[in-house]
Amino acid sequence: MMTVRGKFWKYLLSLAILMALILLPLYASQYTITTFIRIIYFGFLAVSTGFLIGQGGMVSLTQAAFFGIAGYGIGLLGYERGVPFPLADILSIGIVMIFASIFGLIANRTQKIVFLMITLAFGQVVFAFALQNTTLLHGWAGIRGIRPFVIMGIDFNQTGNFYWAALTLFALGQFFLWRIVNSPFGLMLNGTRENSQRMAALGYPVYWIRVAAFLISAVYASLGGILATYNTGVITPTTMQLSRTIWVLLMVILGGASYFWGPIVGTVVAVWLDVLVSQVTERYNTVIGVIFVLTVLFSPTGILGILETVRKGGGLPFLHKILNRKTAPQ
Amino acid sequence: MDYKFVILILNGLTQAAILFVLGSGLTLAFGLMRVVNLSHGAFYMLGGYIGYSVVIATGNWPLALLAGGLSIALLGFVFERTMLSRVRGGDLPETLLTVALSMIIADQALVYWARNPVTLNVPTYLSPPIKLLGFTYPGFRFVMMGVSIIIALSLWLLLYRTKLGAAVRAGVDDRETVSALGVNIPVIYTAVFVLSAFLGGIAGVLGGSYLQLSPGGDAIILIYSLVVIILGGMGSLGGAVISSLILGQVISFGLAYAPQYSYFLIFIPMAIVLSIRPQGLFGRKL
Amino acid sequence: MSKTVFAVVSTLIAVSMLIAACAPPATPAPATEAPTTTEAPAQPAGEIKIGFISAFTGVFSSFGTMQKEGAVLALEEFNYEVAGKKINVIYEDDQLDNEQAVTKAKKLVEQDQVDILTGLVSGDEGLTVGDYMKDKNIPVIPMYSASEDMTMRAFYPMLVRATWTGAQSQDVFGYWLATEKGFKKIYQIGEDYSFPWNEGGGFVRGFCRGGGEEVTSVWFPPGSTSDFSSMIASIPLDQGYDAVYYNGAGGDAVNFVKQFVELGMLDKITLVGQSNTFEKPDLGSMPKEIVGSLSAHHTTDDLSTPEWIAFRDAFSNRWGHPPSAASEFAYSSMRMILLALEAVNGDVSDKTALVDAMLKVDMTKDPRGPVTLDPKYHSAIENVYIREVALDDSGELYNKGILTVQNVSQFGPYDPELYIAQPPDGNTYPTGKCSELPAEMLQGGGYEYLPFGQ
């Protein structure tokens, strides 16, 4: 499909982007770097949700809770009890895995809409507990004063350094995710998404595949939570509240859930929109809600879906849909 | 004090009244359409706020109740016809649309009703202090229980004594066959969604009168509604009754004995039922 | 799928980064209903930027609005200008979410590059933002946030709080209830976060020192519980409690008080409140039966000093309703900031000098009473008023002052080192039984209670 010349330009463009991202702290304002750090840690959360939706057809709303639990792990173990650097983070991920196992084993006994509701409820249980427990988790106040460290002489309190660490972590995460998606496991997961009954009939352990996917996504969510907590310095229950969970779902769909890069595209758009919109109005939620409605109605495959269709010469897909009032099942 | 328990039980029944009105519409809509309306909490909140404005303007509470319910019914109708019906067929897009709607409603409510928690003022004729066994209990709570019983009976009559109800019940069981039999399924879908929205708005006026309406309240209410229908079983009206009663008491006693964990406690019955019987107490096997 | 997509994604990222790198530093318009506020194109040399973070949404939103109204009144008195420089205030709503508060603080510091940060309603907002701002070398002026640790255990020199701490007025109140009213046992129902913990802590210390025996506490999560009837039904009426101390505010307080009255408890046991429970805007929603209910604060609605009357009239003319404590505190703090800026001739480059100037501002004619700032801990020494709810001529509820206590510091009658050495107030400390407090904390005197209105 693409000519050799086309490929050359494409690779050049990708390289340019990559260099721009890597060199960001050298030319951009501090607030821009901070915004990109936000994009990265929310990106992890979006990737976590998007992986399950896109690859597994599972809409899970617990990811924000995993994000938060990891943050509390850092706060409780690292900050309050002085557990040193890599150990506190590893333990936090471990704690998330325990929760993810319990939730995953129960929730995956259901599917589709019920799965969504149950994961939503689980996420809110965690939120409610964090909100109300004051002895360990300090309730509404949460934990504050968390700071990143100086590791091997590099001070990660510096925004630039923190950004590079986050970027590297994200790149690694995406790399491993790519391998997973294209592995036999990934294909099995896609199979369960397409037709779980058939997969079961063929002898695949659908339940366990789903549980495994759930656990993998929990790891990504927890990485995001760890970065976020170091960066903002606080962890509070509101990190896991319903509106945050919904926002993440929105980002993923906006970018295009079925595409590998969809979630991060959605995150970039959502976070930058927040920065831009908040300078003009406080009605960010309305703006993004409306965009979301339009996306679901006219381009459920998200931004990347639109771009792909345009690229393939299909014209603007939503125009067709507006003119064609569709009421039949798709 | 002996009467403490009586008060707690009455409180539980009051909670149950609201939970039932909230959950009944939602469970029917889910059972029939396989869509969980995640903007149900926003419907509650908006209905309550509209009722509040009506009370401020006219002082007429029953009017506010009606206004709250009907305005949300209208909203539901418009939403269903213009948006939901376009994406009918896939569960996910419909659910996502309701999610988006909830964000928009919640945000717009901030603009028009400011950000302060508000409570509807109930006229004194509806809230006489009732003296029972040596303590006083606000009469309005009995009004609420009365309203919810009326609604329960009406719904029951609707479902079991009318053609529409029969079609709804059949649709819950088997959509395709009902449609093949010539029943106009889209009309029924719209009707059920509108009914569910109406009930959500009514619940908002009720809840806003005895508690308060506040920004962010829609999230809490949504979770309550979900717990009611998950516990009771999706699609089951009887299940909604039973689970509201159970949860009402859990909330009331929880607030009395463990107020620090009040919000968290309601998930326990849900978690227990889910691990043993994922379809809820009276739900169909999914 | 991937290759096209990858190219597309890359383009998107590139475009967004170009926007980021090339965009001029933004001058965001204050995105609220603020009537005026400058729209000056950024003239960095001739402009002073003040960041204002507050809770304009959520259960305490009435306090956020009041705070802003008070601050704007002060700004308008100065015409948004000091020493020839324009004052640009940037408002941010943190929606009572501590994480949002940090995010907004970051924006104000990194993007808007504010010279001073103020606002802050709730205790935790203050502690969280205060912690973030610790090393930023920008003066932080909390206006209503009252967690004592900001000017005690978590103190740093850039923080100046010209207003109050939770315990400051409650120590006076508790002591008075024990000595003058002879109360021995109190049943406390409180919101479970730092500010009520601090109010409760001060209350217990004063109460026990005055001869009280026990304070039993029940804590509940703020904002998510609106049905207090079960908690109210559980209040034991046969165990000799002299009063119920409701330690909460805002929407929660309105609900609690309403339900307390509806369940007929007002006839059975006395109700007293924390500082904010009976504050004016919420008082209007409460039932009239609560006339006589006591609380203590640093303002009261019927102060009659010329300074208060001038302030109150100016405020009512400007906003159409009378001021509350949150408005006065904001007004007072903003005036302090502006007067300090005047004292340094608008030169904000030396922040330490600016803070020094703030500490030296003469606040003896402050509307709520004479205020002096402690030079070591940067906190306020001021009057405390004990007041009761009363009905005015038009049938509305208001807070009527009964007694005045002068020159109360955040440490009460205690030695600062001794006070700070105690554990911070929480929901398990101080414990309920007065006998369990350390002996040093039970010694020391009380206060001189002057009749109100001199």
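It should be emphasised that the depicted structure is a prediction, and the values quoted were computed from it without experimental measurement.

A word on the overall build of chain B
Part 1 of the reasoning: Scanning chain B from N- to C-terminus turns up 12 helices and two strands.
Part 2 of the reasoning: N-terminal to C-terminal, the α/β element order of chain B is α-α-α-α-β-β-α-α-α-α-α-α-α-α.
Part 3 of the reasoning: For a compact globule of 286 residues, the expected C-alpha radius of gyration is about 19 Å, and chain B comes in at 19 Å, within 12% of that figure.
Part 4 of the reasoning: Principal-axis analysis of the C-alpha atoms places the extent of chain B at approximately 60 × 45 × 35 Å.
Part 5 of the reasoning: Here chain B, with 286 residues, has 62% of them falling under the buried criterion.

Overview of the overall build of chain C
Part 1 of the reasoning: A tally of regular secondary structure across chain C gives 14 helices and 14 strands.
Part 2 of the reasoning: By residue count, 58% of the 454 residues in chain C fall in the buried class.
Part 3 of the reasoning: In chain C, 75% of the contacts between residues at least 6 apart in sequence involve partners at least 24 apart.

Quick word on the packing of helix H2 (residues 40–58) of chain B against helix H9 (residues 217–232) of chain B
Residues and elements named next belong to chain B.
Part 1 of the reasoning: Interaxial distance between H2 and H9 falls to 7 Å at its minimum, and their mutual angle equals 125°. Taken together, the axes of H2 and H9 lie oblique to each other. For the pair H2 and H9, the crossing hand works out as right-handed. Seen from H2, the contacting residues are His40, Gly41, Ala42, Tyr44 and Met45; seen from H9, they are Gly217, Asp218, Ala219, Ile221, Leu222 and Ser225.

So, the interface of chain A and chain B
Part 1 of the reasoning: Each partner contributes residues to the interface: chain A has 39 residues there, and chain B has 38 residues.
Part 2 of the reasoning: Every element with two or more residues in the side of chain A that touches chain B is listed here: helix H5 (112–132), helix H10 (242–255) and helix H12 (284–298) of chain A.
Part 3 of the reasoning: In terms of residues, the side of chain A that touches chain B owes the most to one element, H5(A), which gives 14 residues.

As for the pairing of strand S9 (residues 270–273) of chain C
Part 1 of the reasoning: In the sheet, strand S8 (residues 243–247) of chain C pairs with S9(C) via four bridges, with the strands oriented parallel. Paired with Tyr245(C) across the strands is Val272(C), a residue of S9(C).

Overview of the domain arrangement of chain C
Residues and elements named next belong to chain C.
Part 1 of the reasoning: Under the domain assignment, chain C is made up of domain 1 (37–164 + 306–378) and domain 2 (167–297 + 383–451).
Part 2 of the reasoning: On a C-alpha basis, the centroid separation for the pair domain 1 and domain 2 is 27 Å.
Part 3 of the reasoning: Those elements giving two or more residues to the side of domain 1 that touches domain 2 turn out to be helix H2 (61–77) and helix H4 (123–132).
Part 4 of the reasoning: In the side of domain 1 that touches domain 2, the residues fall into 10 nonpolar, eight polar and six charged.

Overview of helix H3 (residues 98–111) of chain C
Residues and elements named next belong to chain C.
Part 1 of the reasoning: Its 14 residues give H3 an end-to-end C-alpha distance of 19 Å, which sits within 8% of 20 Å, the value for a rise of 1.5 Å per residue.
Part 2 of the reasoning: Counting buried residues along H3, 13 of its 14 residues qualify, which places the element largely inside the surrounding structure.
Part 3 of the reasoning: Of the residues trailing H3, glutamine 113 is marked for its positive phi of about 55°.

Some words on the environment of Ile146(A)
Part 1 of the reasoning: Along the chain, the position of Ile146(A) falls in the loop between strand S1 (143–144) and strand S2 (150–151).
Part 2 of the reasoning: Residues contacting Ile146(A), with those up to four places away along its chain left out, are Ile74(A), Gly75(A), Tyr79(A), Thr229(A), Tyr230(A), Gly233(A) and Val234(A).

Looking at the sheet that holds strand S1 (residues 47–54) of chain C
Residue and element names in this part refer to chain C.
Part 1 of the reasoning: Across the sheet, five strands lie side by side as S2-S3-S1-S4-S5; this open sheet has mixed pairing. Because the sheet does not close on itself, it has two edges, and the strands there are strand S2 (81–82) and strand S5 (140–142).
Part 2 of the reasoning: Pairing of S1 with strand S4 (residues 116–119) involves four bridges; the strand directions are parallel. Each residue of the ladder has a partner; that of phenylalanine 52, found in S4, is threonine 118.
Part 3 of the reasoning: In the packing of H3 onto the sheet, contacts are made with S1, strand S3 (85–93) and S4, and the angle to S1 comes to roughly 175°.

Some words on the confidence of the model for chain B
Part 1 of the reasoning: Per-residue pLDDT for chain B has a mean of 84; in total, 96% of the residues score no lower than 70.
Part 2 of the reasoning: At the level of individual helices and strands, chain B shows its lowest average pLDDT in helix H7 (residues 175–180) of chain B, which scores 75, and its highest in helix H3 (residues 61–82) of chain B, which scores 91.

Describing unusual backbone geometry
Residues and elements named next belong to chain C.
Part 1 of the reasoning: Omega for the bond connecting tyrosine 429 with proline 430 falls within 30 degrees of zero, at -5°, which places this linkage in the cis form.
Part 2 of the reasoning: On the secondary structure map, proline 430 appears in the loop between helix H13 (416–421) and helix H14 (439–442).
Part 3 of the reasoning: Phi at tyrosine 80 takes a positive value of approximately 55°, unusual for a residue other than glycine.
Part 4 of the reasoning: With respect to the secondary-structure elements, tyrosine 80 resides in the loop between H2 and S2.
Part 5 of the reasoning: Although it is not a glycine, alanine 83 adopts a positive phi angle of roughly 50°.
Part 6 of the reasoning: In this structure, alanine 83 sits in the loop between S2 and S3.
Part 7 of the reasoning: Look at alanine 83 and you get partly exposed, because 13 C-beta atoms sit within 10 Å.

A few points about the nonpolar core
Part 1 of the reasoning: Counting residues in hydrophobic clusters, the biggest one holds 337 residues, and the most contacted among them are Ala121(A), Leu250(A), Val21(B), Leu22(B), Val192(B), Val227(B) and Ala105(C).
Part 2 of the reasoning: Ranked by the residues each element gives to this core, the list is headed by helix H1 (residues 2–33) of chain B, at 16 residues.
Part 3 of the reasoning: Inspection of this core shows a minimum of three residues originating in each of domain 1 (37–164 + 306–378) and domain 2 (167–297 + 383–451) of chain C.
Part 4 of the reasoning: For Leu250(A), the residues in contact, after removing those within four places along its chain, are Ala270(A), Ile288(A) and Phe292(A).

Overview of the packing of H2(B) against helix H8 (residues 185–210) of chain B
All names here are of chain B.
Part 1 of the reasoning: Contact geometry for H2 and H8: axes closest at 7 Å, N-to-C directions at 55°. Comparing their axes, H8 and H2 come out oblique. As H2 packs across H8, the resulting crossing turns out to be right-handed. Residue-level inspection shows His40, Phe43, Tyr44, Met45, Leu46, Gly47, Gly48, Gly51 and Tyr52 of H2 in contact with H8, the latter providing Ala197, Gly200, Gly201, Ile202, Ala203, Gly204, Val205, Gly207 and Gly208.
Part 2 of the reasoning: Broken down by class, the residue content of the contact of H2 with H8 amounts to nine nonpolar, nine polar and no charged.

Digging into helix H5 (residues 139–161) of chain B
Part 1 of the reasoning: Between its terminal C-alpha atoms H5(B) stretches 32 Å, which fits the 33 Å expected from 23 residues at 1.5 Å a residue.
Part 2 of the reasoning: The complete set of buried residues in H5(B) reads Phe140(B), Arg141(B), Val143(B), Met144(B), Ser148(B), Ile151(B) and Leu155(B).

Considering the environment of Val296(A)
Part 1 of the reasoning: Here Val296(A) is to be found in helix H12.
Part 2 of the reasoning: Here the alpha-carbon distance between Val296(A) and Ala141(A), two residues 155 residues apart in the chain, equals 36 Å.
Part 3 of the reasoning: Dropping the residues within four chain positions of it, Val296(A) is found in contact with Ile253(A), Val87(B), Pro93(B), Leu96(B), Leu97(B) and Ala100(B).

Topic: the environment of Pro323(C)
Residue and element names in this part refer to chain C.
Part 1 of the reasoning: As for its placement among the helices and strands, proline 323 is situated in the loop between helix H10 (306–319) and helix H11 (325–343).
Part 2 of the reasoning: Distance in space between the C-alpha atoms of proline 323 and threonine 364 is 20 Å, their sequence separation being 41 residues.
Part 3 of the reasoning: If near-sequence neighbours (up to four positions away) are discounted, proline 323 is found in contact with Gly70, Phe311, Arg312, Phe315 and Glu328.

As for the confidence of the model for chain C
All names here are of chain C.
Part 1 of the reasoning: Put simply, chain C has an average pLDDT of 84, and 89% of its residues get 70 or more.
Part 2 of the reasoning: This model gives residues 1–7 a pLDDT under 50, and the stretch forms 14 contacts once residues within four places in sequence are excluded.
Part 3 of the reasoning: When the criterion is pLDDT under 50, residues 20–43 qualifies, and its contacts beyond four places in sequence or with other chains add up to 33 contacts.
Part 4 of the reasoning: Interface confidence for the predicted complex, given as ipTM, is 0.81, next to a pTM of 0.84.

About the criteria used
Going along each chain's sequence as written, the residues are numbered from 1 onward. To label them, take the chains in the order written and letter them from A, then take the ligands in the order written and number them from 1. For this predicted model, a pLDDT threshold of at least 70 governs which residues receive local features, and a threshold of 80 or more governs which side-chain atom pairs are given and counted, while totals over whole chains, interfaces and linings are taken from all residues. Each helix is a run of DSSP H or I of at least 4 residues and each strand a run of E of at least 2, with the numbering of both proceeding from the N terminus. Both definitions apply: the radius of gyration is a C-alpha atom measure, and the globule rule equals 2.2 Å times residues to the power 0.38. Exposure is read from a count of other C-beta atoms within 10 Å of each residue's own; the residue is exposed at 12 or fewer, buried at 20 or more and partly exposed in between. C-beta atoms are placed from the backbone. Think of it this way: build a C-beta for each residue from its backbone, and any pair within 7 Å is a contact. Angles run from 0 to 180 degrees between N-to-C directions of axes, and those axes are lines fitted to C-alpha atoms, restricted for helices to the stretch in contact. When an angle is under 35 degrees it counts as roughly parallel; over 145 it counts as roughly antiparallel; between 65 and 115 it counts as roughly perpendicular; any other value is oblique. Two helices crossing with the near one rotated counterclockwise from the far one by less than a right angle form a left-handed crossing, whereas a clockwise rotation gives a right-handed crossing. Here the rule is simple: two strands pair whenever DSSP picks up at least two bridges between them. Each domain's extent was defined by an automatic or database domain assignment. Three classes are used: nonpolar for Ala, Val, Leu, Ile, Met, Phe, Trp, Tyr, Cys and Pro, charged for Asp, Glu, Lys and Arg, and polar for all others, with Gly counted as polar. Each helix should span, by expectation, one fewer than its residue count multiplied by 1.5 Å. A score between 0 and 100, pLDDT records how confident the predictor is in each residue. Only buried Ala, Val, Leu, Ile, Met, Phe, Trp, Tyr and Cys residues enter a nonpolar core, and they are joined through C-beta atoms within 7 Å.

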